[in-house]
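Observations on chain architecture
Next come the chains, spelled out residue by residue.
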Amino acid sequence: MGIFVDEERCNRCGTADEPMCVRDCPGDLMFIKENGKAAIVDNRECWDCAACVKVCPTQAITMQLPTSLVVRGVQLRGRAMKHKTEWRIRLRDGEVKGYETPSTGKPPFVPSL
Amino acid sequence: MNERECDLLIVGGGAAGCVAAVEAREQAQDLDVVVMEKAHVYRSGCLAAGISAINAFLHEGETPESFLRYVVRDTHGVVRDDLTLTMAAELNAQVRRIEDWGLPIPKDERGRPLRRGRASIKIFGERLKPILGKRAEASGATILNRVNATALAIGDDGRVAGVFGFSTRTGEMLLVRAKCVLICTGGAAGLYRPSNPGVASHRMWYSPFNTGAGLSMGIRGGAEMTSFEFRFIPLRIKDAVAPTGEIAQWLGAQQINARGEPYLEKYYQRLGGRSMTTQDRLYATLLEKRAGRGPCYLDLRGVNPRRLEGTIASYLSMAPSSAMIMSDEAYYARTGGEMAPVEITGGEPHVVGGHGLSGYWIDPQRRTSLPGLWAAGDVAGGSPKKYASGAWAEAVIAVRDMIEAARAVDRSPIDAAQIEAERRRVQRPLREPGSVPPRELEERLQKVMDEYAGGIGQHYAYAEGELALARLHLERIEAEVGALTASTPFELMQCHDVVDRITVARQLVEHMSHRKETRWHCYQERLDFPERDDTRWRVFVNSIRSADGAVRMVERPVERAQIDVQLPPLADGAVIRRRRNRRPSARANSRVPKAPG
């Protein structure tokens, strides 16, 4: 389960205030370590909601599936923009698949059934 | 202890709480409104990941009465008609309101929201919670993030006069005094051993951070609670714990057994309906397994791959890890691997009033039995199938009444001894650390509930003998609360999470023991009383805990509004046995794939 922070990318949102992943986690699981990088208290507590993944301005956070449930190596990155969220799923053999989900404002056309 | 005062206090900044704050500020600029939130309103509660559908909406031609008929049938007759009708009358207006706030809702060529089910529409809800949270912030209400509510403060006149909490960052205590309090803290997850073990144990349907705090506060405060025994158990895609509705409703995939036969219709054909009740879809799946025709699946054969990709995008807006699994499996299948079939099974039971019946017993204005306290959303009982939009509707109904009440009363004084006692109770694990980490007690609670109170391991069924053991062990577990230990404010929160869960679990077992029939298969499944008994048990089972911890059970009649509903007979095991020899052909194999949309 859980959340992995790429410490090369994490700049704690470039602010002395509360970084966005720390602010948004519904379980209050994210914190800033002594080296100034974000981390999760315990991945076992994580609900997999990906709030931190999307809100991270440097895409430093990936979500990975627990090997106790499924095949290893699948990862999710995301990026929340104003009207949409962009997603990249890294599949089990390294192939990357992209998705977009509308998030605010005018919805795209969806054909009905 | 830090203190502050306000007119209206909203406890819980989720779906109901955010809308309540905005409604209060729009309707009464002169009132001081405070929201007490455990995490941060941008992503807290069960909407954290988003949702891809609104499941309580009146389509063209539907009315509050037709919605009520659907709910009465689905809950086998025990439902509060007054609550359901008043909620349903508000639904569409509240959905339009949130759409105005920025929620994308796709429409057909005639401008109608896209139909996903009887009362369900498609939305793009990934950003729903930030949309609500930012509106609540902008409303002028004071949002107190990172405050974990712990108890109701009772005023000298007996009214609820405020709420105690502590900062999850500093551990400091806070008392917010108020004229009127709305409780909307959500339901309770984590009472039962979850579907997945160990590191994946929080991969569950409902938010694991919804611990039943508001229910526990009400129980300890002596509020009347209803129908805890109507536990909600979601039918899920196994392991991923993904919702089945997205695939079943949107892609039209059928539930099939291991032989490839769609199995729901053999139940509902006999019942004379076109569909099954929510709990019977789960029960039928269990019966198929028991009859040796399991496991059961959602049939994705013939589903257009492009539509499947659309479903993966939907999952990203609601259950992202399920999207990861599905995307990976679909890719694996395209590149020559064998796609794992989409297996379905039941999750762990929850006490949640937005889906089920359980929660505070409230009146049509959403007043609880405690003066000064209102309830809305998942914490409020009696009116199932309200989901997010019903929580908005209830919040609005409650706030309108609270505004009037707040103008007529003053804040009542709170006795200093009560404040000191709550401070000591809450701070004890931090100030005088014991020896028991909260997780150990949580695991013991979940083990007892699973084994003796109809958890997944017991196929949700139980009898009086098991419940007696559950009662015994829960009493012992509660005796260990005094030994809980915490070294940080975060651990202090975990301690109170488990305390609240134990309180809810004890009340739940009393409810399960009192109803001596089986009304809702799986949700309320008694092995010692396997039949539904409409003459004796078409009543609400309510409970009130007194200050000494004794629980008094009360029965309340079902008062039917002027509607005519034919209740379905129970889908019992006999149905299966009767039909077993008659339907050997597997229709699924010759099923025509759905035309691409």
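Each value, and the rule that gives it
- Residues numbered from 1 in each chain as written.
- Chains lettered and ligands numbered in written order.
- Predicted model: local features only at pLDDT ≥ 70, side-chain atom pairs only at ≥ 80, totals over all residues.
- Heavy atoms only, no water.
- Helix = DSSP H or I, 4+ residues; strand = E, 2+ residues; numbered from the N terminus.
- Buried < 20%, exposed > 50% of the residue type's maximum accessible area, 1.4 Å probe, protein only.
- Contact = heavy atoms within 4.5 Å.
- Lys, Arg positive; Asp, Glu negative; His and termini not counted.
- Charge placed at Lys NZ, Arg CZ, Asp CG, Glu CD.
- Buried area = accessible area lost by both parts, 1.4 Å probe.
- Salt bridge = Lys/Arg side-chain N within 4 Å of Asp/Glu carboxyl O.
- 1 Å grid on protein atoms, 1.4 Å probe; cavity = no way out; pocket = protein on both sides within 12 Å on 5 of 7 lines; lining within 4 Å.
- Points joined across faces, edges and corners; volume = space filled by probe spheres on them.
- Domains from an automatic or database assignment.
- Disulfide = S-S within 2.5 Å.
- Expected span 1.5 Å × (residues − 1).

With respect to the overall build of chain A
A count of helical and extended segments in chain A gives two helices and seven strands. Taking the principal axes of its C-alpha atoms as reference, chain A extends roughly 50 × 35 × 25 Å. Residues classed as buried in chain A amount to 48% of the 113 residues present. Of all intrachain contacts in chain A linking residues separated by at least 6 positions in sequence, the fraction that spans at least 24 positions is 39%. One way to put it: in chain A the 17 positive side-chain charges average out to a point 7 Å from where the 15 negative ones average out.

Thoughts on the interface of chain B and chain A
The interface of chain B with chain A comprises 62 residues on the first partner and 59 residues on the second. Summed over both partners, the interface of chain B with chain A buries about 5,200 Å², with 61% contributed by carbon and sulfur atoms. Here chain B is connected to chain A by twelve salt bridges. A salt bridge links R439(B) to D42(A), with the shortest nitrogen-to-oxygen separation between them at 2.8 Å. At the level of secondary structure, the elements contributing two or more residues to the side of chain B that touches chain A comprise α6 (245–250), α9 (305–316), α10 (320–334), α13 (438–452) and α15 (489–514) of chain B. With eleven residues, the top contributor of residues to the side of chain B that touches chain A is α10(B).

Some thoughts on empty space enclosed by the protein
What the rule picks out here adds up to seven cavities of 30 Å³ or more. Each pocket or cavity is described by its volume, and for the largest cavity that value is around 220 Å³. Along the wall of the largest cavity there are 17 residues; nearest its centre are E45(A), H202(B), E442(B), Q494(B) and D497(B). Elements represented by at least two residues in the lining of the largest cavity include exactly α13 and α15 of chain B. The element that contributes the greatest number of residues to the lining of the largest cavity is α15(B), accounting for five residues. Two domains each donate at least three residues to the lining of the largest cavity, and these are domain 1 (2–230 + 350–417) and domain 3 (430–557) of chain B.

What about the side chain of N92(B)?
Locating N92(B) in the fold gives a position in helix α3 (residues 81–100). When residues no more than four places from it in sequence are discounted, the contact partners of N92(B) are F57(B) and L58(B).

A few points about the state of the cysteines
Inspection of every chain in the model, using the stated rule, returns zero disulfides over all chains. Its sulfur unpaired, C52(A) is 6.5 Å from the next cysteine sulfur, which belongs to C21(A).

Considering the domain arrangement of chain B
All names here are of chain B. Along its sequence, chain B is carved into domain 1 (2–230 + 350–417), domain 2 (235–346 + 569–581) and domain 3 (430–557). The centre of domain 1, based on its C-alpha atoms, is set 23 Å off from the matching centre of domain 3. Counting residues at the interface gives 43 residues for domain 1, matched by 41 residues for domain 3. In total, domain 1 and domain 3 occlude about 3,700 Å² of area from one another, counting both sides; carbon and sulfur atoms represent 60% of this. When residues of domain 1 are sorted by the area they lose upon contact with domain 3, Y192, R193 and E229 head the list and together hold 22% of the total.

Focus: helix α1 (residues 15–27) of chain B
Residues and elements named next belong to chain B. With 13 residues, α1 should reach 18 Å at 1.5 Å per residue; the first-to-last C-alpha distance of 19 Å fits that figure. For α1, a buried count of eleven out of 13 residues is recorded, marking the element as mostly surrounded by other parts of the structure. Those residues of α1 lying buried are A15, A16, G17, C18, V19, A20, A21, V22, E23, A24 and R25. Packed against the buried residues of α1 are β2 (8–11), β3 (33–36), α3, α4 (128–138), β11 (180–183) and α11 (387–408).

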